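Letter by letter, the chains look like this.
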Amino acid sequence: MASIRERVDKDGVKTFHVQIRIRGFPPQTKTFTKKTIAKQWAEQVELEIRTGRYLPTAMAQKRLAQDLIQRYRTSILPYKKEKQRKDSARHLDWWENRLGRYGVLELTSDLIGRCRDELLVTPTRTGAMPAPASVVKRMSVFSHVLAVAVKEWQWLPESPMSRVAKPKVKNNRVRFLSEVELASLLTATAASESPELHTIVAVAIATGMRYGEIMNLHWSDVSFQQSDSAAFVVLRETKMALNAAFRFQHLRLSR
């Protein structure tokens, strides 16, 4: 329950002191110059406490965005896959450089939107303009940081990223190598100093498997017994549930 006490100082100035006491929560107090505003604040805080959305301002104001990102680095990032961990760390560096000195409560949708706009017009290391998909990926990393801050750590009442529009990805395309290009590629990989490169590329062409999937293959995942013209590969961890089959005469596989 909230109680509002009227106080008058020696100069006759009135103030209204609000105190909210709810079992299981620390008392919340604040002073106002108008009783109407005091009532509105009391009603809002009571509702947020009872619905689990209340974040004490004094606590939140002490936390910076760099504290948020650092906690994510130590408690969430180590459990991601190696490549995802490296990519996310690089994206987190960018966000920390731009927003690290801001308070957590100062992370507004307008501020993040301006960061998005900066990403869209900042050339990459090669001098080319960034693809929308690259910007979306960088935004997605920080979006997950904010989501964890809301759902698990309760550092924010809601994520400001939820109101920021992401760039439309229009740079998708499907292109297949011509027979001449394919032959040139296999000839070049066969002449490479790397003994594994030719096999890796050949398997990728024949199956469509990703680099990580190929590099994590074990001989126990490959079977030559079901067919004289094809080898069957079981992908135990992939974005798509499938069995990949490829013609082994294109490869030079040895145990």
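To start, this report covers the structure provided alongside it.

### Topic: the overall build of the chain
Each helix and strand counted, the chain has 9 helices and 6 strands in total. Long-range contacts, defined here as pairs at least 24 residues apart, represent 46% of the contacts in the chain between residues at least 6 apart. Summed over its atoms, the accessible surface of the chain is roughly 17,700 Å², and 51% of this surface lies on carbon and sulfur atoms.

### Description of the sheet that holds strand 2 (residues 14-20)
The 3 strands are arranged 1-2-3 in an open sheet whose pairing can be described as antiparallel. The sheet is open, and its two borders are formed by strand 1 (2-8) and strand 3 (28-32), each paired with just one other strand. Mean inter-strand twist for the sheet, computed between neighbouring axes without regard to direction, equals 20°. With 5 bridges joining them, strand 2 and strand 3 adopt antiparallel strand pairing. Each bridged residue has a counterpart across the sheet, and for Ile20 the counterpart in strand 3 is Gln28.

### So, a nonpolar patch on the surface
Side chains of Leu177, Leu185 and Ile205 sit close together on the surface and give an oily, nonpolar patch of about 230 Å² of accessible area. Position of Leu185 relative to the elements: it lies in helix 7 (residues 179-190). Residue class for Leu185 comes out partly exposed when judged on its relative accessible area of 31%.

### A look at the nonpolar core
By size, the foremost hydrophobic cluster in this structure holds 29 residues, and its most contacted members are Tyr72, Trp95, Leu99, Phe142, Leu146 and Trp153. Looking at this core, the elements with two or more residues in it are helix 3 (65-75), helix 4 (82-99), helix 5 (109-121) and helix 6 (132-151). With 8 residues, helix 6 is the single largest residue contributor to this core. Aside from chain neighbours lying at most four places away, what touches Leu99 is Ala65, Leu107, Leu111, Cys115 and Phe142. Grouped together as the second largest cluster of nonpolar side chains are 10 residues, Ile20, Ala38, Ala42 and Val45 included.

### Thoughts on the pairing of strand 1
Across 7 bridges, strand 1 lies against strand 2 in antiparallel orientation. Directly across from Glu6, in strand 2, lies its bridge partner Phe16. Hairpin remark: strand 1 followed by strand 2, antiparallel, with 5 residues in the connecting loop; positive phi at Gly12, about 85°.

### Some words on the packing of aromatic side chains
Here a ring pair, both rings aromatic, is described through the centre-centre distance and the interplanar angle of the planes. The tally for this structure, following the rule as stated, stands at 4 aromatic pairs. Both rings, one in Trp95 and one in Phe142, keep their centres 4.6 Å apart while their planes meet at 15°; by these two values the pair is stacked. Residue Trp95 is found in helix 4, and its partner Phe142 is found in helix 6; the two are separated by 47 residues along the sequence. Phe142 matches Trp95 in its accessibility class, with the two residues each being buried. Relative to Trp155, the ring of Trp153 has its centre 6.0 Å away and its plane inclined at 55°; by these criteria the two rings are tilted. Given a relative accessible area of 8%, Trp155 falls into the buried group. The rings of Trp94, Trp95 and Phe142 are connected pair by pair, giving a single aromatic cluster.

### Observations concerning the pattern of salt bridges
On inspection of all chains with the given rule, the structure shows 12 salt bridges. Linking Glu158 and Arg163 is a salt bridge whose minimum nitrogen-to-oxygen distance equals 3.0 Å. One salt bridge in this structure joins Arg210 and Glu213, with 3.7 Å as the shortest N-O distance. Where salt bridges share partners, they join Lys83, Asp87, Arg90 and Lys137 into one cluster.

How each quantity is defined
Residues numbered from 1 in each chain as written. Predicted model: local features only at pLDDT ≥ 70, side-chain atom pairs only at ≥ 80, totals over all residues. Heavy atoms only, no water. Helix = DSSP H or I, 4+ residues; strand = E, 2+ residues; numbered from the N terminus. Contact = heavy atoms within 4.5 Å. Areas by Shrake-Rupley, 256 points an atom, 1.4 Å probe, with all protein chains shown as cover. Pairing = 2+ DSSP bridges. Axes fitted to C-alpha atoms, helices over the stretch in contact; angles between N-to-C directions. Patch = residues over 30% accessible without salt bridge, like charges linked within 9 Å, V, L, I, M, F, W, Y side chains within 5 Å. Salt bridge = Lys/Arg side-chain N within 4 Å of Asp/Glu carboxyl O. Buried < 20%, exposed > 50% of the residue type's maximum accessible area, 1.4 Å probe, protein only. Core = buried A, V, L, I, M, F, W, Y, C linked by side-chain atoms within 4.5 Å. Phe/Tyr/Trp six-rings, centres within 6.5 Å; stacked < 30°, edge-to-face > 60°.

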